[in-house]
Structure formats: C-alpha cells, structure tokens
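A look at the structure
Residue-level listing of the chains:
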Amino acid sequence: MLTSTLAVLLGIVPNTAGYAPEYHGGSALNLPQVHEYNVPYVPATAPTIDGIINAGEWDPATPLYIGDVYGSDGYPNDSAECIFYALHDESYLYMAWDCPGDVNISDHSQPSPCVEDNNNGNYEANGSEGLNGIGTSNGWYTAKVYPDFTWSGWYASGNSMFAFSNSTGHVVMECAMPLVNHGGDNMPDRLGVSGTWPDTTGAHLYWYDASEPGNIIAYWPWDVALWYDPATWGDLILLPADAVNEMPKPVASVTAPSVAKGGFSVSMSLPTEADVELAIYDAGGRLISVMAEGKLTAGSYSYSARVSESGVYVLRAKIGDREFSQKVTVIR
C-alpha cells in the first residue's frame, strides 16, 4: 500500500524538486509493444555529454520510440515525439533523449530514467533503486524507494553528467549514469551491475514537460499501469562488446486502467495475427461481456467497456498461447 508520502508522487507536481506522472489510460496507436531494449557496448569513443546528438555518436544504438502513445496522462502522443538511445561501457550507462514533442527548453522539461538494478521486480531495502528526474530548471534529482513503496523524497543527486540543448528546435538531453558493483551500490542515480555482460536492469522511462497538456510526452513501456512498481517495468539489456544488436520481437499487450469511473477503455496491441478472446467478468467469475473473439490481424484495437454497477471486475484476455488478467475497480 502506498504511504501518504509516496502518494504525493501520484500528482502531476509532487514538489519543487521533481515531477512524476499519473496513469489515466488512453488510446493505443497502430504500433507494437516492446518491453526490452538492447544497450550495445560502446564501440570505440564514448558519446560526449553536451546535449547534441552528433552524426555517428550514438551508433550502434537502436532508436527506441517512447512517445506516450497510450496516453498515461489522458493525452496520447505520437511515438516519435520522444526517441531514446543508450550505450554502455565498463563505467557508465550513456543515454540520449531526442524529444521533438518538446519545443520549449525554458519551462521545466524533465526526462526521467528510473532503474531497478537487479531486475527482480522489487525495490531493495538499502535504497539503491528508485526514481531519477533530470530537469532543465533544477538539475538531477533522485529518490530512494523501498520494498514497501515508502520513499526518501526527492533530493539533489550531485550527478552533473547531463546536458540539454535546443539547437535542433526541440529539446535534447544526454546523460551518463555511473555503473558500480552491486555490492557497492546504495543510490538510485547509479546503476548496480554484475560487471559481466549481458546484464539486465529494470527500467521505466518518461519525459515530463510543464507546457504539455497532461504534462507527459514520453512513457515506456507504454503499458506500465503502475509507474512506481518495478514489477511492471521494461528491461534494459547491457550487451557484451562482441554482441550483435538485434532488438527483441514485440509482444502482444492489453491495457486498461486499474480504477475507472463508470465505463472504461481497453487497448490491445497485436504484433502479428492471432486468435483472441477478450472479456470482462465480475468478482464472482460471472461473464459480463465479450469484447473480442476470433482471429484478428496485427494492429491496435480499442474497446469501450460499460458496466452497470460499482465494484471490482476482472479483464481477461487470451492472445494465442498468452493469457492476461487484470482487476479494474469501477466507481460511479
């Protein structure tokens, strides 16, 4: 259960030192979902952290389109409104955020790389994992989060390896997060690693913009319903130097709000054609409605669910051999 302190983060503006998103749900675009991103080893020279993405500097990183297509803040964005790149060496995780959706560098723009070092789906008791917010108006702030979701509050990290620019007409940010051995890590603005590649860390990426309707431009993975829960985050896979960077295949996904007033929307993304069953049940297991059944082509689908009474409902989906289940609490 969230404490009242961490619950402050569920608002758009938790305090003057950082910002965090609220999940509202939204509509999906015709794009496949990706939950894993390969981070290549720096081939030769590490990127220069100056806020400018120079030609060839981020090769061979694959662009990850992280625009908030599902509308985590109630306002869906195009996937290309924010593009993410990452590389690593033995000392740093290098990240670049190219955000055409943010053209105003003078307001508060804040890319946020939140990490869960050992990727076990839980925060660590020593506070080594949590949230990061790197803002144009206040620098790099971090927050330790503990297994029961209590947290330290935002504080200045002291990490100065970041830079913003708008020389392209929109905001770009580059940063470097130090890599340390798991045993010596006690800060969320450092990434604890084994030192043996490949190594996987859990990650949630978002971009806050003070001028954006709803304030969120980027949000990855797109279908993270509880942004503060690392069990729902994506994976950054730090590759060895000789690895070939082949992006994992996208997987099917189903998205719905955890709490809704009256009816609610359900979004489904299919990377390939599949047999689908999508239905809503009440808490007692009684079938309420079938929204989809049969073979569907690849693409994204949106459905409106209407229920007559308040209560807890269960959304169940079967897509090929994968099954999904999510509780939705309806209030009227």
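Coordinates for the structure precede this section.
A short tour of the structure in this document, coming up. (Residues numbered from 1 in each chain as written. Predicted model: local features only at pLDDT ≥ 70, side-chain atom pairs only at ≥ 80, totals over all residues. Heavy atoms only, no water.)

With respect to topology, three strands assemble into an open sheet ordered 15-17-20, the strand pairing being antiparallel. The sheet terminates laterally at strand 15 (253–255) and strand 20 (299–305), the two strands that pair on one side only. Put simply, the sheet's adjacent strands are angled 15° from each other on average, direction ignored. Taken together, the three bridges between strand 15 and strand 17 (residues 264–270) define a ladder with antiparallel strand orientation. Looking at strand 17, one finds that serine 253 is bridged to serine 269. (Pairing = 2+ DSSP bridges. Helix = DSSP H or I, 4+ residues; strand = E, 2+ residues; numbered from the N terminus. Axes fitted to C-alpha atoms, helices over the stretch in contact; angles between N-to-C directions.)

Quick look at the pattern of salt bridges now. Going through the model one piece at a time under the given rule, you end up with two salt bridges. Taking the shortest distance from any N to any O, the salt bridge between lysine 295 and aspartate 275 comes out at 3.3 Å. Of this pair, lysine 295 sits in strand 19 (residues 287–296) while aspartate 275 sits in strand 18 (residues 274–282), placing them 20 residues apart in sequence. What makes aspartate 275 partly exposed here is its relative accessible area of 46%. (Salt bridge = Lys/Arg side-chain N within 4 Å of Asp/Glu carboxyl O. Buried < 20%, exposed > 50% of the residue type's maximum accessible area, 1.4 Å probe, protein only.)

Peptide bonds are, in most cases, trans, and in most cases residues other than glycine have a negative phi. Geometrically, the link from aspartate 59 to proline 60 is a cis peptide bond, its omega value of 5° lying close to zero. Mapped onto the elements, proline 60 comes out in the loop between strand 1 (36–39) and strand 2 (64–65). Despite not being glycine, asparagine 119 shows a phi value in the positive range, around 55°. Mapped onto the elements, asparagine 119 comes out in the loop between strand 5 (109–116) and strand 6 (130–135).

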